[in-house]
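Spelled out, the chains give:
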Amino acid sequence: MENGELKVTATDHFTVELAAELYGLSAWGSGYFSIAENGHLMVRPAGSGSRGIDVYDVIRRLSDRGIETPVLLRFPQLLESQVDKLVASFDSAVREFDYPERFLPVYPLKVNQQRSVVEGLLSSGRRHALGLEVGSRPELLAAVALDTAPESLIVCNGFKDEQYLSAAALANRLGRRVVVVVEKPFELQAIMDMRARDECVPMIGFRIRLQARGSGLWEKSGGFASKFGLSTRQLLAALDQLAAGGLRDNVALLHFHVGSQITEIRKIKSAVREGSRIYAKLRKLGVPIRYLDVGGGLGVDYDGSGTSSDASVNYTVQEYANDVVFGISEVCAEEQVAPPSIVSESGRMLVAYHSMLVTNVQAQIPGIDMQPPVVSGQGPQVVQDLEEIERTISVKNFREFYHDALAYSDQLYSLFNLGLLSLEERATGEGLFSRIAGEAVRYSKSAKFIAEEFRELESKLHDKYICNFSVFQSLPDHWALDQLFPIVPIHRLNEMPEHRARLADITCDSDGEVEKFVDRKEIKDALEVHELKPGEPYYLAFLLLGAYQDTMGDLHNLFGRVHEARVVLDPQGRTDIEDVRRGEQAVHALQHFGYSEDELVRRIERALSGLVAQGRLSKPDAAGLLEDYRIRLRGYTYLAR
Ligand code: PLP
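Keep in mind that this is a model prediction, so the values were computed, not measured.

As a further point, take the overall build of the protein chain. Within the protein chain, the secondary structure is distributed over 22 helices and 21 strands. With the C-alpha coordinates aligned to their principal axes, the bounding extent of the protein chain is approximately 95 × 75 × 60 Å. Within the span of the protein chain, comprising 641 residues, buried residues form 53% of the whole. A separation of at least 24 residues holds for 75% of the contacts in the protein chain among residues at least 6 apart in sequence. Of the roughly 28,700 Å² of accessible surface on the protein chain, 50% is carried by carbon and sulfur atoms.

An order of β1-β2-β3 is seen for the 3 strands of this open sheet, with the pairing classed as antiparallel. What marks the edges here is a single partner per strand, and that holds for β1 (33-35) and β3 (53-54).

In this section: unusual backbone geometry. Cis rather than trans, the peptide bond between T69 and P70 has omega equal to 5°. Inspection of the secondary structure assignment puts P70 in the loop between α3 (55-64) and β4 (71-74). For L544, which is not glycine, the phi dihedral falls at a positive 60°. Residue position: L544 is located in the loop between β19 (539-542) and α19 (549-552).

The subject of this paragraph is the site of the ligand. By nearness alone, 17 residues border the ligand, and S260, E345, G347, R348 and Y548 come closest of all. Contact between the ligand and K110: an oxygen atom at 3.1 Å from a side-chain N or O atom of the residue. One of the side-chain N or O atoms of Y548 is found 2.6 Å from an oxygen atom in the ligand. Partitioned by chemical class, the residues of the shell around the ligand number 3 nonpolar, 9 polar and 5 charged.

What follows deals with the sheet that holds strand β9 (residues 203-207). Whether parallel or antiparallel, the strands of a sheet pair through hydrogen bonds between backbone atoms. The 8 strands lie next to each other as β5-β6-β7-β8-β9-β10-β11-β12, forming a closed barrel whose pairing is parallel. Put simply, the sheet's adjacent strands are angled 25° from each other on average, direction ignored. This element, helix α6 (residues 137-145), spans β6 (131-134) and β7 (153-156) of the sheet and lies at about 165° to β6.

The rules behind each value
For every chain, the first residue of the written sequence is number 1, and numbering continues from 1 onward in sequence order. Given that the model is predicted, a residue must reach a pLDDT of at least 70 before its local features are reported, and side-chain atom pairs must reach 80 or more before they are shown or counted; all residues, however, enter totals for whole chains, interfaces and linings. To obtain the side-chain values, all non-hydrogen atoms of the structure were included, while hydrogens and water were left out. A helix here means a DSSP run of H or I that spans at least four residues, while a strand means a run of E at least two residues long, and both kinds are numbered starting from the N terminus. Classification of residues uses two cut-offs on accessible area relative to the type maximum, computed with a 1.4 Å probe and protein chains only: under 20% is buried, over 50% is exposed, and between them is partly exposed. Any two residues whose heavy atoms approach within 4.5 Å at even a single point are treated as in contact. Only the protein chains shown count as cover for residues, and all accessible areas are computed by the Shrake-Rupley method using a 1.4 Å probe. A pair of strands counts as paired when DSSP detects no fewer than two bridges linking them. Nearness of a residue to a molecule or strand requires only that one of the residue's heavy atoms be within 4 Å of it. Here a polar contact is taken to be a pair of N or O atoms separated by no more than 3.5 Å, where protein atoms must pair a possible hydrogen donor with a possible acceptor and residues adjacent in sequence count only if both atoms sit in side chains. All residues other than Ala, Val, Leu, Ile, Met, Phe, Trp, Tyr, Cys, Pro, Asp, Glu, Lys and Arg, Gly among them, are scored as polar; the first ten of these are nonpolar and the last four charged. In this description, a line fitted to the C-alpha atoms serves as the axis of each element, helices being fitted only across the stretch in contact, and the angle between N-to-C directions of two axes falls anywhere from 0 to 180 degrees.

Shown next, in the form of structure tokens:
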């Protein structure tokens with residue numbers, strides 16, 4: 001280490017400790033990930049002591065069962081640990097500030113609706129009365145049938161129509177503690193109409209539009225122009241309307257949400273204070289609110305920097321809980337009103353850690369043409385000029401020579417386009433330019449300050465590792481928002497990673513690449529990776545994917561849902577692989593877009609019969625080809641190894 005920076009050179013004796021430092025495991029891993037002496041990535045559910053789950057071993061066992069990468073691994077024990085952590089932090093804050101009311105967490109279903117995830121959370125959250133937040137009627141229909149503690153809440157957000165509200169009334173009749181949150185003025189009339197239909201009107205909440213905003217990628221969820229929430233005037237008008245309809249006593253909850261992944265604690269503090277002040281003023285008006293719902297936004301430190309960068313947070317879960325409890329308590333004391341029960345809708349924090357995608361690197365594309373060019377000394381002038389530069393570039397002249405090479409490279413293409421160069425000459429020129437660029441980058445590193453031009457050049461010259469996955473299916477937030485996720489090889493972590501590479505997926509879209517990587521100090525433009533060994537798979541894990549990625553992935557190029565498995569550590573320290581779910585077959589991906597298997601097969605059958613009738617194919621060959629087509633339709637959508 002030098003000035004706190006990790007320098008890995010070919011002469012270092014590489015250790016798993018160095019690897020852990022290089023990939024930042026202890027910075028972003030929240031204690032759940034480590035590296036074993038054999039260089040394998042380990043998952044350590046809280047409280048497992050020295051025992052852990054060997055991820056490489058899991059992938060090998062799955063492969064023996066015919067489940068090849070890409071595969072999404074879920075670790076339900078991490079869900080349990082996160083629920084405990086959230087509740088323990090609030091319990092500690094409640095004790096510290098002598099807060100007289102309880103903390104009631106609700107899990108927002110939209111963050112990850114997978115049944116195993118939700119049931120995992122609810123079973124560990126039962127003792128803490130973990131409830132659910134829903135944003136649509138389908139989510140409500142699931143929530144009402146799930147097993148939650150009797151005192152837990154179902155908070156209904158999102159746009160509400162008559163059918164959504166009738167489902168809420170049904171949930172109410174089933175004895176669920178349902179709160180229907182008014183987010184838009186027009187929803188109020190629909191709620192009043194429930195009474196006219198003799199439906200049992202649940203508790204009513206209001207989502208308010210705060211002036212405070214969050215920070216980070218989801219900042220625009222807060223502030224005056226946000227899509228959701230009532231303005232102060234709309235709130236007061238709504239209360240009058242409810243009073244006139246005899247429903248004022250149903251008002252029980254006040255809610256705000258200023259955005260997900262709030263990176264700065266001061267933004268949380270100001271939102272809590274503003275929300276608490278509105279709560280207190282409403283109490284003073286005699287509105288019987290008893291829950292203050294502070295929404296989501298509790299962020300995850302994806303890059304481990306502990307800063308207010310988009311991929312991080314500058315606070316801990318305990319600090320968050322302390323600031324929420326203290327902020328509410330202080331405002332209520334100033335206003336002399338009874339403090340509310342505190343509801344939080346944290347989703348990302350609860351589920352982000354529990355899943356990782358493991359995939360294999362399919363191929364490597366070198367960034368620099370490593371083939372020594374065929375140098376003749378006799379080709380066209382422009383090629384000879386490039387040869388000369390390649391031979392004489394040095395630490396003293398690299399900048400000037402590189403600029404000359406740029407000009408010759410332009411000339412090369414112009415001459416080719418005019419028909420004055422052959423393909424072979426173009427190939428020699430391209431190879432020479434690529435090597436010159438590589439040399440220029442190498443020499444630029446000896447300077448005290450590396451010029452921006454060479455930094456950019458270096459990032460263009462990184463190798464590409466082609467990974468068997470789709471960014472659009474598995475990392476949608478990276479594609480849409482440049483969100484960063486930690487990426488780590490799952491094996492060979494006791495060997496020095498000699499290369500730096502960008503990761504390209506297997507879609508045909510140039511956006512399907514990962515070009516930014518987490519780091520505590522900066523955003524890295526390449527990931528340290530190992531040399532690929534012929535005939536040996538090389539696996540990378542994309543971590544902390546549990547929040548939002550499952551739901552938002554799409555079927556670009558018809559790459560479908562990946563295989564999944566749940567992995568747990570049993571009390572004896574053995575790894576159990578449970579609930580293996582095969583990923584989508586090609587035919588299922590096609591069905592989403594209106595193709596039916598029968599019809600596709602019939603069409604191929606018809607085409608083959610035509611060829612047989614013309615004598616261009618034998619009957620057995622046609623039968624074989626048809627069978628082949630059927631098998632392929634039933635295959636996994638990703639590349640086979
Ligand atoms: N509540 C509401 C209303 C939301 O819109 C969201 C997501 O943006 C959440 C809760 C969950 O937020 P987070 O995952 O940041 O905790």
